[in-house]
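Chain residues, written in single-letter form:
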Amino acid sequence: MNSSIVNEDNKKAKIDMRGKRALVVYFSESGNTQKLAKTISDQVGGDFRRIEPVKVYPTGQELFDYTKKERDNNGRPKFKNLNINMYDYDVIFVGYPMWWYTLPMIMYTFFDEYDFSGKTIIPFNTHEGSGDGGTYSTIKKFEPKAKVLDGLAIRGGDMQSDQTETVIKWLDKLGLAK
Ligand SMILES: Cc1cc2nc3c(=O)[nH]c(=O)nc-3n(C[C@H](O)[C@H](O)[C@H](O)COP(=O)(O)O)c2cc1C
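The shown structure was predicted, so the numbers you read here are calculated from the model rather than taken from an experiment. (Residues numbered from 1 in each chain as written. Predicted model: local features only at pLDDT ≥ 70, side-chain atom pairs only at ≥ 80, totals over all residues.)

**Student:** Looking at this structure, I do not really get the overall build of the protein. What am I missing?
**Tutor:** In terms of helices and strands, the protein carries 6 helices and 6 strands. Element order for the protein, N to C, with α for helix and β for strand: α-β-α-β-α-β-α-β-α-β-β-α. What you see for the protein is a C-alpha radius of gyration of 15 Å, in line with the 16 Å of a compact globule of 178 residues. Overall size of the protein, expressed as C-alpha extent along the three principal axes, is 45 × 35 × 35 Å. (Helix = DSSP H or I, 4+ residues; strand = E, 2+ residues; numbered from the N terminus. Rg over C-alpha atoms; globule rule 2.2 N^0.38 Å.)

**Student:** Please explain unusual backbone geometry as it appears in this structure.
**Tutor:** Note: most residues except glycine have negative phi, and most peptide bonds are trans. Phi at Asn74 takes a positive value of approximately 55°, unusual for a residue other than glycine. Secondary-structure assignment places Asn74 in the loop between α3 (60–72) and β3 (91–97). With a phi close to 65°, Tyr101 is a non-glycine residue in the positive phi region. Looking at the secondary structure, you find Tyr101 in the loop between β3 and α4 (105–113). For Tyr101, a count of 11 C-beta atoms within 10 Å gives the class exposed. (Buried ≥ 20, exposed ≤ 12 C-beta atoms within 10 Å, placed from the backbone.)

**Student:** What is the right way to look at α3 in this model?
**Tutor:** Side chains three or four residues apart in an α-helix point the same way, a direct result of the helix having 3.6 residues per turn. For α3, spanning 13 residues, the distance from its first C-alpha to its last is 19 Å, which sits close to the expected 18 Å at 1.5 Å a residue. Across the 13 residues of α3, 1 count as buried, placing the element largely on the outside. Once α3 ends, the next one or two residues include Asn74, with phi positive near 55°. (Expected span 1.5 Å × (residues − 1).)

**Student:** It is not clear to me how the site of the ligand should be interpreted in this structure. Could you clarify?
**Tutor:** Surrounding the ligand, one finds 21 residues, the nearest of these being Ser28, Thr33, Pro97, Ser130 and Gly156. Listed by contribution, the elements that provide at least two residues to the shell around the ligand are α2 (32–44), α3 and β4 (120–127). Grouping the constituent residues of the shell around the ligand by class yields 7 nonpolar, 12 polar and 2 charged. (Near = placed C-beta within 6 Å. Nonpolar A, V, L, I, M, F, W, Y, C, P; charged D, E, K, R; others polar.)

**Student:** Sorry if this is basic, but what is going on with α2 here?
**Tutor:** End to end, α2 covers 19 Å across 13 residues, agreeing with the expected 18 Å (1.5 Å per residue, within 8%). Counting buried positions along α2 gives 10 out of 13 residues, so the element sits mostly inside the fold. Looking only at α2, the buried set comprises Asn32, Thr33, Lys35, Leu36, Ala37, Thr39, Ile40, Ser41, Gln43 and Val44. If you follow the buried residues of α2, they end up packed against β1 (22–26), β2 (47–50), β3, β4, β6 (152–155) and α6 (164–173). Once α2 finishes, Gly45 follows within two positions and takes phi at roughly 70°, a positive value. (Contact = placed C-beta atoms within 7 Å.)

Set out below in structure tokens:
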């Protein structure tokens, strides 16, 4: 495991989470969602985890072909152990890129694997035009016993610049910022 990620754990939140225990967990293939996850984590503190596929994805055009097939076959790619117990968290920020107009199938595996009953899920994603593409509603369907708050969708290209202000405004709207 990447030690720099482990070292991010349990850091102090800049915003007032009112005693709620936060987790930021994300999947990112080319780094955009990772940047957004880090920007959010810098504000909310708590633990930080990357969802990593057991079988590494191909690159370039192959990635598109492979993931389209994976989606068409309703695949459930496995991910490496995240070393977390969902019981430890109240608020879970869940991030991913748009893939083929939906969540990457590895996120389907993620939602299959954990029980979010009674938790608050706050989705975020990066994309190149689809916005959230209805994925926040999909998450609500997956997790009917969780409270799913309004997510944040940012263009991948916009992650070249600092998005801290946008993140703070969003958290403020959710009633999470000070
Ligand atoms: C296989 C694949 C499929 C994609 N499908 C979509 C899509 O349906 N809609 C969209 O807006 N962007 C789509 N994108 C663009 C990504 O969502 C965008 O580049 C994102 O920021 C990548 O995030 P990452 O750097 O965290 O992996 C796709 C990218 C890839 C690689």
